[in-house]
Amino acid sequence: MATTADIRNGVCMEYNNDLYVVIDFQHVKPGKGPAFVRTKLRNIKTGKVLDNTFSAGHKIVTARVEQRPHQFIYKDDMGYNFMDMSTFEQVTLPETMVPFADLMKEGQEVTILFHAETESPLTCEIPPFVELTITYTEPGLKGDTATNASKPAIVETGATIQVPLFIGQDEKIKVDTRTYSYAERVK
């Protein structure tokens, strides 16, 4: 058991029979009334963010989670298959547990969150940036626009990303997986 004094960014806790990660917290001591802690919690399974307020000294149940490096091997009708980088054991995750899966290519290193007590996988996190090759895009015409315009491009994994007009086919780009957007050209 822990108290609200132990709340920090990244702490995993059980709340309403679900696992949540603290994204943001603020300890507030108003001039009148008791102190409280305002938090933003992200549900590990669904990814939804909820705002919650705990009174100071409130008991919370922290959960032990472990981050383990895995490598994406292949996708089949059962889901996505990953290999543990240290023990070489394979783990299969359903599509609902793998966000932004269409930005993942074979051999991609990911981090899988495991519940330490039950050894069950909770979610899969891909790196914040991935390098992908563009397989198809329309040629951009010079002088088309006065502001930064973008065009759709299909990358090697099949995902469609908006890229600037100067990006051509067979070029490598860096994609931000958090915003699903073009970051920069890779040399």
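Parameters at a glance
- Residues numbered from 1 in each chain as written.
- Predicted model: local features only at pLDDT ≥ 70, side-chain atom pairs only at ≥ 80, totals over all residues.
- Heavy atoms only, no water.
- UniProt positions renumbered as here; feature names shortened; annotations may be inferred.
- Core = buried A, V, L, I, M, F, W, Y, C linked by side-chain atoms within 4.5 Å.
- Buried < 20%, exposed > 50% of the residue type's maximum accessible area, 1.4 Å probe, protein only.
- Helix = DSSP H or I, 4+ residues; strand = E, 2+ residues; numbered from the N terminus.
- Domains from an automatic or database assignment.
- Contact = heavy atoms within 4.5 Å.
- Salt bridge = Lys/Arg side-chain N within 4 Å of Asp/Glu carboxyl O.
- Phe/Tyr/Trp six-rings, centres within 6.5 Å; stacked < 30°, edge-to-face > 60°.

- The protein chain is annotated in an unreviewed UniProt entry as Elongation factor P of Pontibacter arcticus.
- Under the Sequence similarities (unreviewed entry) heading, UniProt states for the protein chain: "Belongs to the elongation factor P family."
- Recorded in UniProt under Subcellular location (unreviewed entry), the annotation for the protein chain is "Cytoplasm".

## A short note on the nonpolar core
Here's step 1: Ranked by size, the top nonpolar core spans 27 residues in total, and within it F82, L93, V98, L103, M104, V163 and I173 carry the most contacts.
Here's step 2: Every element with two or more residues in this core is listed here: strand 8 (79–84), strand 9 (90–93), strand 10 (109–115), strand 12 (129–137), strand 13 (150–155), strand 14 (160–164) and strand 15 (172–176).
Here's step 3: When residues of this core are sorted by domain, at least three fall in each of domain 2 (65–125) and domain 3 (129–185).
Here's step 4: Apart from residues lying up to four places away in sequence, L103 is in contact with I126, V130, L132, T157, A159, I161, V175, T177 and Y180.

## Observations concerning the pattern of salt bridges
Here's step 1: Evaluated as defined, the whole model comprises nine salt bridges.
Here's step 2: Of the charged contacts in the structure, one is a salt bridge between E95 and K75, with a shortest N-O distance of 3.3 Å. With E95 in the loop between strand 9 and strand 10 and K75 in strand 7 (residues 65–76), this residue pair connects regions lying 20 residues apart in the sequence.
Here's step 3: A relative accessible area of 44% means that K75 is categorised as partly exposed.
Here's step 4: A single salt-bridge network, built from bridges that share partners, covers R64, E66, R68, E117 and E119.

## Let's talk about the packing of aromatic side chains
Here's step 1: For the structure on display, the rule yields five aromatic pairs.
Here's step 2: With 5.7 Å between their ring centres and 80 degrees between their planes, Y15 and F54 make a pair best called edge-to-face. One end of the pair, Y15, is in strand 2 (residues 12–15); the other, F54, is in strand 5 (residues 49–55), with 39 residues separating them in the sequence.
Here's step 3: Ring plane angle 55 degrees and centroid distance 5.7 Å describe the contact between F72 and F82, whose orientation is recorded as tilted. Of this pair, F72 sits in strand 7 while F82 sits in strand 8, and the two are ten residues apart along the sequence. One exposure class covers both F72 and F82, and it is buried.
Here's step 4: An aromatic cluster is present here, built from Y15, Y20 and F54 joined pairwise through their rings.

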